[in-house]
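# Working through the structure, step by step
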Amino acid sequence: MFKKIILKTLAVYFLSIGFIQAAESGGMPQLDPEFWFSQIFWLIITFGILYLVLSKLILPKISDNLETRKSQVLENLELSEKQRNESEAKLKEFDNIILKSKIDAKNIFNESRQKLLEDINNKRVKLEEEIDKEIKTVEAEIEELKKKSPERINKIAIEISSDLIEQLIGANVNNSSITAIVTDIANKNKTL
Amino acid sequence: MAANPMTQFNVYRIGPEIKVGEIDISFTNASLFMVISTIAILFIFNFGAKKNSIIPTKLQLLGELSYSFISKMISDTAGSKAKPYFSFIFSLFMFVLFCNMLGMIPYTFTVTSHIIVTFVLAAFIFIGVTIIGFIKHGLGYLKLFVPSGVPMVLLPLIVVIEIISYLSRPISLSVRLFANMMAGHTMMKVFGSFVVSLGIVGGWLPLSFSVALTGLEILVAFLQAYVFAILTCIYLNDALNLHH
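Now for a description of the structure that goes with this document. (Residues numbered from 1 in each chain as written. Chains lettered and ligands numbered in written order. Predicted model: local features only at pLDDT ≥ 70, side-chain atom pairs only at ≥ 80, totals over all residues.)

It is worth spelling out helix H2 (residues 58-78) of chain B at this point. A rise of 1.5 Å per residue sets the reference length of H2 of chain B, with its 21 residues, at 30 Å; its end C-alpha atoms lie 30 Å apart and thus fit the reference within 8%. Along H2 of chain B, the residues classified as buried are Gln60, Gly63, Tyr67, Ile70, Ile74 and Ala78 of chain B. When H2 of chain B is viewed along its axis, its buried side chains cluster within an angular range of 115 degrees and face the same direction. Residues Lys58, Leu61, Leu65, Lys72 and Asp76 of chain B are exposed on H2 of chain B and point more than 90 degrees away from its buried face. The inward-facing, buried residues of H2 of chain B abut helix H2 (36-169) of chain A together with helix H1 (29-50), helix H3 (86-103) and helix H7 (204-240) of chain B. Note on H2 of chain B: the residue one or two positions beyond its end, glycine 79 of chain B, has a positive phi of about 80 degrees. (Helix = DSSP H or I, 4+ residues; strand = E, 2+ residues; numbered from the N terminus. Expected span 1.5 Å × (residues − 1). Buried ≥ 20, exposed ≤ 12 C-beta atoms within 10 Å, placed from the backbone. Arc of directions from axis to C-beta. Contact = placed C-beta atoms within 7 Å.)

Turning our attention to the interface of chain B and chain A. Between chain B and chain A, the contact holds 37 residues from the first and 33 residues from the second. Tallying contributions element by element places H1 of chain B first for the side of chain B that touches chain A, with 11 residues. Considered class by class, the residues forming the side of chain B that touches chain A number 22 nonpolar, 12 polar and 3 charged. (Nonpolar A, V, L, I, M, F, W, Y, C, P; charged D, E, K, R; others polar.)

Within the largest apolar cluster, 60 residues are counted, with the highest numbers of intra-cluster contacts made by Ala30, Ile89, Phe90, Phe93, Phe95, Val96 and Leu236 of chain B. Looking at this core, the elements with two or more residues in it are H2 of chain A together with H1, H2, H3, helix H4 (115-137), helix H6 (169-202) and H7 of chain B. Here this core takes 11 residues from H3 of chain B, the largest share from any one element. Every residue in contact with isoleucine 89 of chain B, bar those within four places of it in the chain, is listed here: Ile70, Ile74, Ala229, Thr232 and Cys233 of chain B. (Core = buried A, V, L, I, M, F, W, Y, C linked by C-beta atoms within 7 Å.)

Residues and elements named next belong to chain B. In this structure, threonine 214 sits in helix H7. With 15 C-beta atoms packed within 10 Å, threonine 214 lands in the partly exposed category. C-alpha separation for the pair threonine 214 and alanine 122, spaced 92 residues apart in sequence, amounts to 26 Å.

Encoded structure:
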């Protein structure tokens, strides 16, 4: 009895004309209270289950997922920043090494060039000395030869002339006279 | 029978009649679609929450986007104090949305097109919000009906208006959703029956209208769920942060 009163007052509360029409011709099934309690009951059951499962099981998991994603992204960003700094430091180191090695190479090049130049100079000096020596000895020899050559020429001239005389006249001429003549001529040539 | 656009809202028993005392709580087609909605929501979000990859899968993305969408809606309208009620508003939004959307499939039943369902939801929200308000602020919650900066002469009138508007909240909340869903579905049924009655010659106009209406109704289905949830947030905001 009490239930019926509630139902009727609720129905009037919503739309009294509609309710009367529904009762008369079945116009709006929404206002037919036959299944109202069934709908309320099943609404409470389904919505209750939905709320419980969502709030206790599913939503915390989604929230966790979002949190872990957030933290992981932050972590990754930090890590990448760190690695970038490291790589920059390495790059600097590498540059330094290259610079250093360039300087080293220049030094080595300069040193070896100097050494080579010194070596060449030394060798040239030595060679020049040797050449000078050789030239001097040769000059001395030439000088000697020059000194000795008139005597020899005289001798040869004497011999040749004695031979010529012998063949021309057929008699032996005194060697000493020939010598005297030759030396005389030679002396004349010298003065010339 | 099929020509009557209201028959789609008929509730009928599926299976045996179940009675507790005098109350009939039989399983009906409405109950069936409540169960289907619940299972669909739980299914989708369960699979959306199961995997935890940095690059989300499609279902995971759906779950996470819904989560952040609703949490942003709550924090925008009701502030950070409303965080404990996140699960409830999430369930509410999803339940209404899925009931609305499932109703868009032909030959299904729209749970939210029944005033009793929306009224129970709205009444629950209304009572809950009122209780929260009184717990948080005690009798100070009654200051809600006394806006600041109102001349003393007008105050009695304003208070009465405020009380009426506060008490009409569950009705406006429930009737908005119910009326939108019912009107939309009735319109679609009416235009659908026009297509049949006008035949192949004249039926093209109502058919194209029907197609356009389907798009509109999907929009309305989402929008009404959103409005339902955001109004709940606003009521909650009133109860949590008493501004007046």
